[in-house]
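Residue-level structural notes
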Amino acid sequence: MEKRYFTILFAIIFTATVSLTSITGCGYAKKGTDTSKAKVIEEKEQLPPPPDITPPKEKGDKYHVIVVGGEPEGVAAAVSAAKNGAKVLLIDKHDGLGGLMTYGMLNTIDMSRGPKGELLTRGTFEEFFKGIGSVTSFDVEKAKKVFMKLVKDQPNITLSLNTIFKEPIMEGNKIIGVVVEKDGKNICYYGERVIDATQDADVAAAAGVPYTVGAEDIGMKDRFQASTLVFKLKGIDWSELTRIIKKEKKIPDTYIDSTSANGFATITKNYRPATKMLRLRGLNIGKQDDGTVLINALLIFGVNGLDPESKAKGMELAKAELPRIVEFLKKNIPGFENVTLAGTAPELYVRETRHIKGYYTLSITDVVFNRDFEDRIAIGSYPVDIQATSPDDYGYVYGKPLQYAIPFRCIVPQKVENLLVVGRSASYSHLAAGSARTIPIGMAEGDAAGVAAVYSITKNKSYQEIINNEEDIKNIQSILVSQGAYLKPFKVENPAEKHWSFEGLKLVLTWGLVVPGYTNDYRFNQDISSISFYYLISNLVKRAIPEKANVVAENAFNLQKFIVKEPITKEGAAEILLTYGGYKNEIATNKGKLFELAHQRGLISDKAYQHMKNKKFVTWADAYDMALTLYRKLK
């Protein structure tokens with residue numbers, strides 16, 4: 001019975017056990033000293049003059065570029081292609097533009113700024129940002145008008161709203177058009193290039209592009225970030241709320257300005273929903289021009305964003321909870337005393353579904369260690385914010401980059417030609433998407449996709465050929481810069497990369513096993529607790545080497561003694577390594593000499609051995625390296 005109990009216990013553990021710094025899920029960015037002490041150094045690069053890539057005129061009903069999805073990223077792609085002389089068709093299922101921002105009502109923007117506060121995502125996003133008044137939280141109806149104006153200002157864009165994508169038109173592995181449904185009829189549209197700007201990479205998936213879903217790539221199948229129903233309140237007293245937060249400072253870790261407020265987690269943590277499948281996290285509040293506010297705070301677990309029925313059930317569950325939430329807010333937050341529910345977004349805010357496989361997949365280490373790429377098409381800096389994936393966790397911040405680049409290869413999918421994918425479903429790992437999925441970064445990608453599509457037509461080159469040609473990449477970058485993009489090459493000096501355990505750190509970060517938080521604290525020299533070491537190693541085996549997962553389950557009972565909150569000795573760490581490494585039968589006869597035995601059996605590297613031989617306890621740095629050594633041994 002005890003063995004079965006501990007097997008079940010292991011099955012329900014979650015990453016919080018091994019985290020360094022977890023968050024409550026609020027939008028408030030906690031301030032702190034960046035312990036990595038990294039520094040951005042801009043490098044000079046001479047780009048060629050932007051070439052004229054105006055393509056020959058298309059005859060008849062054929063388009064140069066078809067953009068599927070009127071999301072912000074799709075608007076950017078269509079506008080960018082049109083600026084370069086392309087005949088563009090922009091398709092969207094809604095009756096207006098803006099997608100997630102206007103129909104999911106995600107009206108608070110996750111900005112990417114450089115170390116000096118400079119905007120990193122420029123081009124079409126900057127045009128949009130200025131159009132909404134350069135505010136962090138915008139009026140949804142105003143945003144719809146700004147998106148529409150961006151499109152209407154380009155006369156060679158044909159806009160087709162209320163148009164549902166049905167299937168791609170393929171010629172071998174090349175996409176040559178799309179079938180859509182409009183006014184109850186199926187229509188075929190043909191184009192030389194197609195850009196998939198749907199939230200879920202619907203075109204790419206239907207065309208045969210490989211992909212993963214949610215956290216599948218880190219060994220957590222059927223786990224993805226929670227969805228949210230944004231809701232609207234009227235009757236809020238903004239001046240009173242401002243006074244309480246700014247002057248009286250009665251609500252810790254909360255921020256407010258003229259259009260936005262976020263935080264409130266010390267209050268919302270006390271809310272008890274009617275079902276564990278819901279959670280009220282910290283509030284992101286965005287004002288509307290009519291005096292109402294939109295609130296992004298209600299997490300819905302278990303929603304499969306690729307299943308319409310699952311989304312409908314999630315919406316129903318959330319709506320049923322809202323009256324209780326409104327009453328809670330009225331009673332607990334000054335300025336909310338007279339609020340009433342004024343509606344909800346027509347669609348759920350779904351954070352994550354597919355991640356397509358491109359010619360490069362952006363990794364968590366690319367993001368948190370500020371990597372630049374020669375084929376950069378966008379630069380971001382938003383924290384790696386992974387919202388909760390189940391009722392058992394509270395979301396994590398896996399680091400705060402200074403800035404990192406998105407390579408062109410991330411939007412070029414494998415196995416299908418003439419297609420680009422922009423937005424949250426581009427080629428990112430689950431963890432990297434915690435930062436890269438943000439809309440300003442996606443709009444910068446949209447600009448690049450528009451330019452690259454027209455360039456490939458004019459030069460009669462495939463995207464695969466462009467990827468491998470430095471001259472082509474620089475030409476595309478030059479055109480983007482001429483359209484306002486910020487693409488300066490850079491280098492970041494990060495002391496963490498010089499640490500002796502860095503390779504091990506990269507491994508455990510890749511598998512989501514440590515959470516450095518907003519301050520990038522890797523705790524290299526701090527002793528690691530026994531419970532943290534046990535779950536770090538156990539989860540590594542379970543996620544990264546699933547064929548060995550049975551070894552963890554089979555030994556859960558025997559190793560329960562290590563599930564304690566005290567520093568782990570090197571002998572204890574060695575016992576865990578020997579158990580998982582296949583030397584369990586040698587443990588009993590070598591008590592007191594397990595550290596030496598683990599080193600002899602190749603489970604502790606010479607480097608780690610030297611660092612540890614005169615110490616009793618294991619540090620986080622030691623643990624990183626031991627995790628790497630075990631991983632290599634078992635693989």
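What you see is a predicted model; the values in this text were computed from it and never measured.

1. Comments concerning the overall build of the protein
- From N to C terminus, the protein includes 20 helices and 22 strands.
- Over its C-alpha trace the protein gives a radius of gyration of 26 Å, about what one expects of a compact globule, namely 26 Å for 635 residues.
- Principal-axis analysis of the C-alpha atoms gives the protein an extent of 85 × 60 × 45 Å.
- Taking the contacts inside the protein whose residues are at least 6 apart along the sequence as the reference set, 74% of them involve residues at least 24 apart.
- Approximately 25100 Å² of the protein is accessible, and the part contributed by carbon and sulfur atoms is 49%.

2. Concerning the confidence of the model for the protein
- Here the protein shows a mean pLDDT of 93. Residues at 70 or above account for 94%.
- Residue range residues 1–35 is modelled with pLDDT below 50. Its contacts to residues more than four positions away, or to other chains, number 88 contacts.

3. A short note on the pairing of strand β10 (residues 231–234)
- Alternating positions in β10 separate cleanly, Phe231 and Leu233 being buried on one face and Lys232 and Lys234 remaining unburied on the opposite face.
- The pairing of β10 with strand β14 (residues 293–300) spans three bridges and is antiparallel. Directly across from lysine 232, in β14, lies its bridge partner leucine 294.
- Here four bridges tie β10 to strand β15 (residues 340–344), and the two strands are oriented antiparallel to one another. Among the inter-strand pairings, leucine 233 is bridged to a residue of β15, identified as leucine 341.

4. Considering the packing of aromatic side chains
- In this structure the tally under the stated criterion is 16 aromatic pairs.
- An angle of 65 degrees between the planes, with centres 5.0 Å apart, marks the rings of tyrosine 534 and tyrosine 535 as edge-to-face.
- In this structure tyrosine 535 comes out as buried when scored by relative accessible area, which is 5%.
- An aromatic cluster of at least three residues, connected via ring pairs, comprises Phe369, Phe502, Tyr522, Phe524, Trp620 and Tyr624.
- Here lysine 144 stacks its cationic end above the ring of tyrosine 103, 4.5 Å away from the centre of that ring.

5. A few points about the pattern of salt bridges
- The final tally for this structure, using the stated rule, is 26 salt bridges.
- For lysine 474, the salt bridge goes to glutamate 45, with nearest N and O atoms at 2.4 Å. Of this pair, lysine 474 sits in helix α13 (residues 470–482) while glutamate 45 sits in the loop between β1 (39–42) and β2 (63–68), and the two are 429 residues apart along the sequence.
- Between aspartate 375 and arginine 409 there is a salt bridge whose closest N-O contact spans 2.8 Å. Residue aspartate 375 is found in the loop between α9 (364–368) and β17 (376–380), and its partner arginine 409 is found in the loop between β20 (404–407) and β21 (419–421); the two are separated by 34 residues along the sequence.
- The exposure class assigned to aspartate 375 is buried, which follows from its relative accessible area of 7%.
- In this structure arginine 409 comes out as partly exposed when scored by relative accessible area, which is 21%.

6. Let's talk about the packing of helix α2 (residues 72–83) against helix α11 (residues 439–459)
- At a closest axis distance of 7 Å, the pairing of α2 and α11 adopts a crossing angle of 30 degrees. In terms of axis orientation, α2 runs roughly parallel to α11. Considering how the two elements wind past one another, α2 and α11 form a crossing that is right-handed. Contacts from Pro72, Glu73, Ala76, Ala77, Ser80 and Ala81 of α2 reach α11 at Ile439, Gly442, Met443, Gly446, Asp447, Gly450, Val451 and Val454.

7. Some words on helix α20 (residues 620–634)
- In a regular helix each residue adds 1.5 Å, so 15 residues correspond to 21 Å; α20 covers 21 Å between its end C-alpha atoms and thus fits that length.
- With 13 of its 15 residues buried, α20 lies for the most part within the structure.

8. Here's the deal with α2
- Given a rise of 1.5 Å per residue, twelve residues ought to cover 16 Å, and the 17 Å separating the end C-alpha atoms of α2 matches this to within 8%.
- Most of α2 is tucked away: eleven of the twelve residues are buried.
- Following α2 by one or two positions, glycine 85 has its phi on the positive side, about 90 degrees.

9. A short note on the side chain of histidine 355
- Here histidine 355 is to be found in strand β16 (residues 354–356).
- Judged by its relative accessible area of 3%, histidine 355 falls in the buried class.
- One polar contact links histidine 355 to glutamate 352, side chain to side chain, over a distance of 2.8 Å.
- Those residues in contact with histidine 355 that lie beyond four places of it in its chain are Tyr211, Thr212, Gly214, Arg424, Ser425, Ala426, Tyr428, Ser429, His430 and Ala433.

10. Focus: the pairing of β20
- Neither face of β20 is exposed, since Tyr404 and Ile406 on one face and Ala405 and Pro407 on the opposite face are all buried.
- Taken together, the four bridges between β17 and β20 define a ladder with antiparallel strand orientation. By the bridge assignment for β20, isoleucine 379 is matched with alanine 405.

11. Focus on the nonpolar core
- Membership of the largest hydrophobic core comes to 152 residues, with the highest contact counts inside it found for Phe128 and Phe408.
- In contact with phenylalanine 408, not counting residues within four places along its chain, are Asp375, Ile377, Leu420, Ala452, Tyr463, Ile466, Ile467 and Ile473.
- Within the second largest apolar cluster, 36 residues are counted, among which are Leu233, Leu241, Leu329 and Val350.

12. Let's talk about unusual backbone geometry
- With phi around 55 degrees, aspartate 183 is a residue other than glycine that occupies positive phi space.
- Within the secondary structure, aspartate 183 is located in the loop between β6 (174–182) and β7 (185–196).
- In this structure, asparagine 460 takes a positive phi of about 55 degrees despite not being glycine.
- Following the sequence through the fold, asparagine 460 ends up in the loop between α11 and α12 (463–467).

13. A look at the packing of helix α14 (residues 502–510) against α20
- Remark: α14 packs on α20, axes separated minimally by 7 Å, with the N-to-C direction vectors making an angle of 75 degrees. Judged on the interaxial angle alone, α20 and α14 are roughly perpendicular. The residues of α20 that touch α14, namely those facing Glu503, Gly504, Leu505, Leu507 and Val508, are Tyr624, Asp625, Ala627, Leu628 and Tyr631.
- Residue classes in the contact of α14 with α20 are distributed as seven nonpolar, one polar and two charged.

14. Description of the environment of phenylalanine 125
- With respect to the secondary-structure elements, phenylalanine 125 resides in helix α3 (residues 124–131).
- The spatial distance from the C-alpha of phenylalanine 125 to the C-alpha of methionine 101 is 13 Å, given a sequence separation of 24 residues.
- In this view, phenylalanine 125 contacts Ile109, Met111, Leu119, Pro440 and Met443; residues no more than four positions away in its chain are not counted.

15. Focus: the environment of glycine 235
- Mapped onto the elements of the fold, glycine 235 is located in the loop between β10 and α6 (238–247).
- Linking glycine 235 and glycine 291, residues 56 residues apart in sequence, is a C-alpha distance of 7.8 Å.
- Sequence-distant contacts of glycine 235, that is, excluding residues within four places in its chain, are made with Gly335, Asn338 and Val339.

16. Re the environment of aspartate 92
- Structurally, aspartate 92 is set in the loop between β3 (88–91) and α3.
- Given a relative accessible area of 5%, aspartate 92 falls into the buried group.
- Sequence separation of aspartate 92 and leucine 480 is 388 residues, and the distance between their C-alpha atoms is 25 Å.
- Here aspartate 92 is in contact with Gly69, Gly70, Glu71, Ser160, Leu161, Asn162 and Thr163, once residues within four sequence places are set aside.

Quick notes on the rules
- Residues numbered from 1 in each chain as written.
- Predicted model: local features only at pLDDT ≥ 70, side-chain atom pairs only at ≥ 80, totals over all residues.
- Heavy atoms only, no water.
- Helix = DSSP H or I, 4+ residues; strand = E, 2+ residues; numbered from the N terminus.
- Rg over C-alpha atoms; globule rule 2.2 N^0.38 Å.
- Contact = heavy atoms within 4.5 Å.
- Areas by Shrake-Rupley, 256 points an atom, 1.4 Å probe, with all protein chains shown as cover.
- pLDDT = per-residue confidence, 0-100.
- Buried < 20%, exposed > 50% of the residue type's maximum accessible area, 1.4 Å probe, protein only.
- Pairing = 2+ DSSP bridges.
- Phe/Tyr/Trp six-rings, centres within 6.5 Å; stacked < 30°, edge-to-face > 60°.
- Lys NZ or Arg CZ within 6 Å of the ring centre and 35° of its normal.
- Salt bridge = Lys/Arg side-chain N within 4 Å of Asp/Glu carboxyl O.
- Axes fitted to C-alpha atoms, helices over the stretch in contact; angles between N-to-C directions.
- Parallel < 35°, antiparallel > 145°, perpendicular 65-115°, else oblique.
- Left-handed = near helix turned anticlockwise from the far one by under 90°.
- Expected span 1.5 Å × (residues − 1).
- Polar contact = N/O pair within 3.5 Å; in protein donor to acceptor, adjacent residues only side chain to side chain.
- Core = buried A, V, L, I, M, F, W, Y, C linked by side-chain atoms within 4.5 Å.
- Nonpolar A, V, L, I, M, F, W, Y, C, P; charged D, E, K, R; others polar.

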